[in-house]
Amino acid sequence: MRFIISETLLEEDSVQQLTNCAKLKGVVLAVGLPDLHPGKGYPIGSSIITQGLIYPHLVGEDIGCGMSLVRTGIAATKQKAEKWYKQLLGIEGRAGTELEEFAAKAPFEWPKGRAVPPVEGLKDAVAARFGTVGRGNHFVEIQELFQVANEELFKQLNMDQNQIYMLIHSGSRNYGEKVYEAYTSKHGTKPADISSPEAAEYLAEHNKALAYARRSRAVIAYRILSQIENIDTSWITEGSSCVIDTCHNYIEQLQAKNQFVHRKGAAPGNAGMIIIPGSRGAYSYIVKPVEENIAISGYSLAHGAGRAMKRSKALAKGKTIYPNSNLLIKTELGSLVICENKELLYEEAPLAYKNINMVIEDLLRHKLIEVVAVMKPMYLSLIHICRCRRIERCRSRWSPYH
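Quick caveat, the model's predicted, so the values are computed rather than measured.

Novice: Which residues make up the overall build of the protein, and what are the values?
Specialist: Tallying secondary structure elements over the protein gives 10 helices and 17 strands in all. Sorting the 402 residues of the protein into buried and exposed places 58% on the buried side. Long-range contacts, defined here as pairs at least 24 residues apart, represent 80% of the contacts in the protein between residues at least 6 apart. For the protein, the accessible area works out to roughly 16,500 Å², and carbon and sulfur atoms hold 48% of it.

Novice: A description of the environment of Trp110 should follow, citing residues and the corresponding values.
Specialist: Relative to the assigned elements, Trp110 resides in the loop between α3 (97-100) and α4 (124-128). Judged by its relative accessible area of 0%, Trp110 falls in the buried class. For Trp110 and Thr246, which are 136 residues apart along the polypeptide, the C-alpha to C-alpha distance reads 9.9 Å. Side-chain polar atoms of Trp110 contact the side chain of Asp245, separated by 3.3 Å.

Novice: Run through the sheet that holds strand β2 (residues 27-37), naming residues and quoting values.
Specialist: Across the sheet, five strands lie side by side as β1-β2-β3-β11-β10; this open sheet has mixed pairing. Whereas interior strands pair on both sides, the edge strands pair on one side only; in this sheet they are β1 (2-3) and β10 (249-253). Relative to strand β11 (residues 259-264), β10 runs antiparallel, the two being bridged by five bridges. Within the sheet, the bridge partner assigned to Tyr250 lies in β11 and is Arg263.

Novice: Would you mind going over helix α8 (residues 311-321) in detail, with residue names and values included?
Specialist: Those residues of α8 lying buried are Ala314, Leu315 and Gly318. Viewed along the axis of α8, the buried residues span an arc of 100°, placing them on a single side of the element. The outward face of α8, more than 90 degrees from its buried face, is lined by the exposed residues Ser312, Lys313 and Thr320.

Novice: Which residues make up the pattern of salt bridges, and what values do they have?
Specialist: Scanning the entire structure with this criterion turns up 11 salt bridges. In this structure, the salt-bridge partner of Arg365 is Glu7, at a minimum N-O distance of 3.1 Å. Taken together, the residues Arg365 in helix α10 (residues 356-365) and Glu7 in the loop between β1 and α1 (12-22) connect sequence positions 358 residues apart. The partly exposed category is assigned to Arg365, whose relative accessible area is 44%.

Novice: Describe α1, and please don't skip the residues or the numbers.
Specialist: Restricting attention to buried positions, one finds in α1 the residues Ser14, Gln17, Leu18, Thr19 and Cys21. At its buried positions, α1 is contacted by β1, β2 and β3 (44-51).

Novice: Report on the layout of surface pockets, specifying residues and quantitative values.
Specialist: The computed volume of the second largest pocket comes to approximately 290 Å³. Around the second largest pocket, the lining is made up of 15 residues, and of these Tyr250, Glu252, Pro268, Asn270 and Ala271 lie nearest the centre. Those elements giving two or more residues to the lining of the second largest pocket turn out to be β9 (242-247) and β10.

Novice: Could you give me a rundown of the packing of aromatic side chains, with the residues and numbers involved?
Specialist: By the definition in use, this model includes six aromatic pairs. When the ring of Phe102 is compared with that of Phe108, the centres are 4.9 Å apart and the planes differ by 80°; the resulting orientation is edge-to-face. Considered together, Phe102 and Phe108 belong to a single accessibility category, that of buried residues. The rings of Phe102, Phe108 and Trp110 are connected pair by pair, giving a single aromatic cluster. Just above the ring of Phe102 sits the side chain of Arg215; from NZ or CZ to the centre is 5.6 Å.

Novice: Explain the environment of Val374 to me, using residue names and the numbers behind them.
Specialist: With respect to the helices and strands, the residue Val374 is situated in strand β17 (residues 369-382). Its relative accessible area of 2% is what places Val374 among the buried residues.

Novice: Give me the packing of helix α6 (residues 173-187) against helix α7 (residues 197-228): which residues, what numbers.
Specialist: The packing of two helices is summarised by the inter-axis angle and the distance between the axes. As a packed pair, α6 and α7 sit with axes 8 Å apart at the nearest point and diverge in direction by 165°. As judged from the angle between their axes, α6 and α7 are roughly antiparallel. In terms of crossing hand, the pair formed by α6 and α7 is left-handed. When α6 is examined against α7, the residues Arg173, Asn174, Tyr175, Gly176, Val179, Tyr183, Lys186 and His187 are found in contact with a partner set consisting of Glu198, Glu201, Tyr202, Glu205, His206, Lys208, Ala209 and Tyr212.

Novice: Lay out unusual backbone geometry with the relevant residues and their values.
Specialist: What you tend to see is this: most non-glycine residues have negative phi, and most peptide bonds are trans. For the bond running from Ala106 to Pro107, omega is -5°, close enough to zero to count as cis. Looking at the secondary structure, you find Pro107 in the loop between α3 and α4. Residues Trp110 and Pro111 are joined by a peptide bond in cis, for which omega reads 0°. Relative to the elements of secondary structure, Pro111 occurs in the loop between α3 and α4. In this structure, Asp124 is a non-glycine residue whose phi angle is positive, near 55°. Note that Asp124 resides in helix α4. The phi dihedral of Asn158 falls on the positive side, at around 55°, and the residue is not glycine.

Novice: For the nonpolar core, give the residues involved together with the corresponding values.
Specialist: In this structure, Ile54, Met166 and Tyr202 are the most contacted members of the largest nonpolar core, which totals 47 residues. Listed by contribution, the elements that provide at least two residues to this core are β5 (66-75), α2 (81-88), β6 (139-148), β7 (163-170), α6, α7, β9 and β10. For this core, the leading source of residues is α7, giving 14 residues. Leu33, Ala314, Ile360 and Val374 belong to the second-largest nonpolar core, a separate cluster that totals 31 residues.

Rules of the game
- Residues numbered from 1 in each chain as written.
- Predicted model: local features only at pLDDT ≥ 70, side-chain atom pairs only at ≥ 80, totals over all residues.
- Heavy atoms only, no water.
- Helix = DSSP H or I, 4+ residues; strand = E, 2+ residues; numbered from the N terminus.
- Buried < 20%, exposed > 50% of the residue type's maximum accessible area, 1.4 Å probe, protein only.
- Contact = heavy atoms within 4.5 Å.
- Areas by Shrake-Rupley, 256 points an atom, 1.4 Å probe, with all protein chains shown as cover.
- Polar contact = N/O pair within 3.5 Å; in protein donor to acceptor, adjacent residues only side chain to side chain.
- Pairing = 2+ DSSP bridges.
- Arc of directions from axis to C-beta.
- Salt bridge = Lys/Arg side-chain N within 4 Å of Asp/Glu carboxyl O.
- 1 Å grid on protein atoms, 1.4 Å probe; cavity = no way out; pocket = protein on both sides within 12 Å on 5 of 7 lines; lining within 4 Å.
- Points joined across faces, edges and corners; volume = space filled by probe spheres on them.
- Phe/Tyr/Trp six-rings, centres within 6.5 Å; stacked < 30°, edge-to-face > 60°.
- Lys NZ or Arg CZ within 6 Å of the ring centre and 35° of its normal.
- Axes fitted to C-alpha atoms, helices over the stretch in contact; angles between N-to-C directions.
- Parallel < 35°, antiparallel > 145°, perpendicular 65-115°, else oblique.
- Left-handed = near helix turned anticlockwise from the far one by under 90°.
- Core = buried A, V, L, I, M, F, W, Y, C linked by side-chain atoms within 4.5 Å.

Right, dumping it as structure tokens:
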């Protein structure tokens, strides 16, 4: 068992959960990343490597949950926060039949160069949730480039420094839930031998959930840009608009080994550049893994800031600080939040999360990343199709780039 944690908060419950995981049959390494925090029995912000066995419950329901950083084609000087706010009111709800059919469209790449298989036969509630962001801490955030830390690596991303970007955090919705429930209803928390029919069946559906999640993030980008700007957005579904897309809830087989990385709230450290967001109103970091060192962290990196307190505590504390939830609708930077769930405003407040700069510092201290660029939240945050992301000035005590 190993912890990639020096500066960030480390809770006793999360240590115990990771210890329990390390004792499971077939586990060869259990790693707690800087954003480690307790989950429903199993830790979030962890990377668990097994030999010859897979444990679906270590990944959980939201298979394929991840981040997409998307080009908008809109110049930073053209942002229209008040106008966009009005245009996006009422956007919550299903994407519609035409966009739901995109799940089965082939071929499709997201980002360009990575093929995403079609997901066919969606119907009822699974189809209705395709192209929607989801519950909890899922979000869409409008961002601009704040600082380039490594010019050479930044050029590889082909990003326009004067353009607005969109960061989407969403997963496989109830598709992943059904995959998880189908396995656990028969086998509970028992592992599956990788050579067994149970493992093959689960992994086949698991991979479809990954595809569902990636395609769904593309549709979310399309929906929002189609709504806020009168521009041609057909290029979005061609994949060229996606700068980065990574999943942080899934199982990956290590090459040339009969070993499997179980990531629960852990971004891949062996798949190129990723983006690590902070709590709402904090900076997001584009980073490149240091490949020669990444094995020590279970081939994984932090996926975000990680919760510092449970939702119930954040709700109670937030209501004490902000008795009127309307105080959270307009932020200190003047951004506007679309959110019909008042409790969610409190539960996802910045005080509920760890300091993203400490998370990045821990990854740098362990020589696991190079910072490529820093993204700053701008004027708009969305929910339910987009859950709540308030944008405010970063109050962090430390950052290597400001």
